[in-house]
Amino acid sequence: MTRIASIALAVLAQAAVLFGMPAHAAERWTAAKANAWYDKQPWLVGSNYNPASAINQLEMWQADTFDPQGIDRELGWAQAIGMNTMRVYLHNLLWEQDAQGLKQRIDEFLKIAARHGIKPIFVLFDSCWDPEPKLGPQHPPIPGVHNSGWVQAPGRARLEDESRYPLLRQYVEGVVGAFAKDERILAWDVWNEPDNDGGGNYPKHQNKQKYVETLLGQVFDWARSQNPVQPLTSGLWQHDDWSAARLTAIERIQIEQSDVISFHDYNWPETFDRRVKQLQAYGRPLLCTEYMARGNGSTFDGTLPLGKRYNVAMINWGFVDGRSQTRLPWDSWKKPYTDAEPTIWFHEVLRADGTPYRQAEVDLIKRLMTAPKGVVPHD
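Residues numbered from 1 in each chain as written. Predicted model: local features only at pLDDT ≥ 70, side-chain atom pairs only at ≥ 80, totals over all residues. Heavy atoms only, no water.

Peer 1: Please provide a residue-by-residue account of the packing of aromatic side chains, values included.
Peer 2: Counting across every chain of the model gives 21 aromatic pairs. Considering the side-chain rings of Trp150 and Trp317, the 6.2 Å spacing of their centres and the 80 degrees angle between planes classify their relative orientation as edge-to-face. Within this pair, whereas Trp150 is found in the loop between β3 (119–126) and α6 (156–160), its partner Trp317 is found in strand β8 (residues 313–317), the two being separated by 167 residues in sequence. The exposure classification of Trp150 matches that of Trp317, with both residues buried. Their ring planes at 65 degrees and their centres at 6.1 Å tell us that Trp242 and Phe263 sit as a pair that is edge-to-face. Within this pair, whereas Trp242 is found in the loop between β5 (232–233) and α9 (249–257), its partner Phe263 is found in strand β6 (residues 261–265), the two being separated by 21 residues in sequence. Considered together, Trp242 and Phe263 belong to a single accessibility category, that of buried residues. Here a set of aromatic residues connected by ring pairs shows up, and it is made of Tyr49, Trp61, Phe66, Phe109, Phe122 and Trp188. Directly above the ring of Tyr211 sits Lys210, whose terminal nitrogen or CZ lies 4.6 Å from the centroid. (Phe/Tyr/Trp six-rings, centres within 6.5 Å; stacked < 30°, edge-to-face > 60°. Helix = DSSP H or I, 4+ residues; strand = E, 2+ residues; numbered from the N terminus. Buried < 20%, exposed > 50% of the residue type's maximum accessible area, 1.4 Å probe, protein only. Lys NZ or Arg CZ within 6 Å of the ring centre and 35° of its normal.)

Encoded structure:
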């Protein structure tokens, strides 16, 4: 190699670092590759998982509060129901705090999950709830309030500071790279609801969409540069028309960069049905990575059989009632449920002791899981 060529390569590599572009990014999976991967999977059913002992992602994974015994117990309950996946959130601050320790705890989690026949989807970033995440001990749950301690990743300050994006890149490439060939992992969800304004009573971030639009495509590239054997995705969640002509700029990145298409739906079954039919037009496997909000019309009874019929992976919000308090509805941010429990639980499958909130729901999951793909058994 000539000296000029060496200099040119060094300049390109430096530019990649400065502008967040991987030097050797892999290609997005073809639809054929994505569908071949999905055909090898069982019908995927699980929950968004946070241990009952943790209020948020930080409390789940930090060394002082990581709870392998509780995780083992709770994933055992999931296995008994027939669940085979879980969607689990990570956080960029965890990597900066203790990258080696985080990798070790992820590996320990994967060992536990594998013993119970569960392959998780890991979520790298998240635009929901508290925009000011802080490492260390987390505050206790706010009485009567849904998800009162959940934190965004990256937080507001980090999202606005483009000079620190290389740290975000190190996190994505580091954690994906460490497990890129690990068959115990089902998929990488690179950013949960990236265009969500946050929710709760937190101050709104007026320029958030601009920053997310700039960063989201780079996150896909960083993850893909590690050539993972697992597919990448980021789920659509709002608006009523996901046809190609009506996508927003952020939704377009999600659709065009995802190897498999994921989405959220907390509505009545007829809305779920319509959204699935829209998304089928993209010709890729479909994963519903959030659903089931009983008070909003999204239930196991109404939606899960549709997922079975259409062969859509189904991952509801919440598994065991605990410090996240997501049995409480979204409106608890306006009127906390401190005097009485809600009439019906919003999320969660099990009570803290592992008994079902509704036995009929657990029976339905078991019955559907034992039937062949696409077949909805009759009672």
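Peer 1: Would you mind going over the pairing of strand β1 (residues 45–48) in detail, with residue names and values included?
Peer 2: Two strands pair when backbone bridges link them, and β1 and β8 are joined in this way by four bridges, in the parallel orientation. Following the sheet pairing, Gly46 is matched in β8 by Ile315. (Pairing = 2+ DSSP bridges.)

Peer 1: Lay out the packing of helix α11 (residues 300–310) against helix α12 (residues 359–369) with the relevant residues and their values.
Peer 2: Put simply, α11 and α12 touch, their axes get as near as 11 Å, and they point 10 degrees apart. Classified by the angle their axes make, α11 and α12 are roughly parallel. Across the interface between the two elements, Phe300, Asp301, Leu304, Pro305 and Lys308 of α11 pack against Glu361, Leu364, Ile365 and Leu368 of α12. Tallied by class, residues from the contact of α11 with α12 come to six nonpolar, no polar and three charged. (Axes fitted to C-alpha atoms, helices over the stretch in contact; angles between N-to-C directions. Parallel < 35°, antiparallel > 145°, perpendicular 65-115°, else oblique. Contact = heavy atoms within 4.5 Å. Nonpolar A, V, L, I, M, F, W, Y, C, P; charged D, E, K, R; others polar.)

By themselves, these observations are geometric and do not establish any function.
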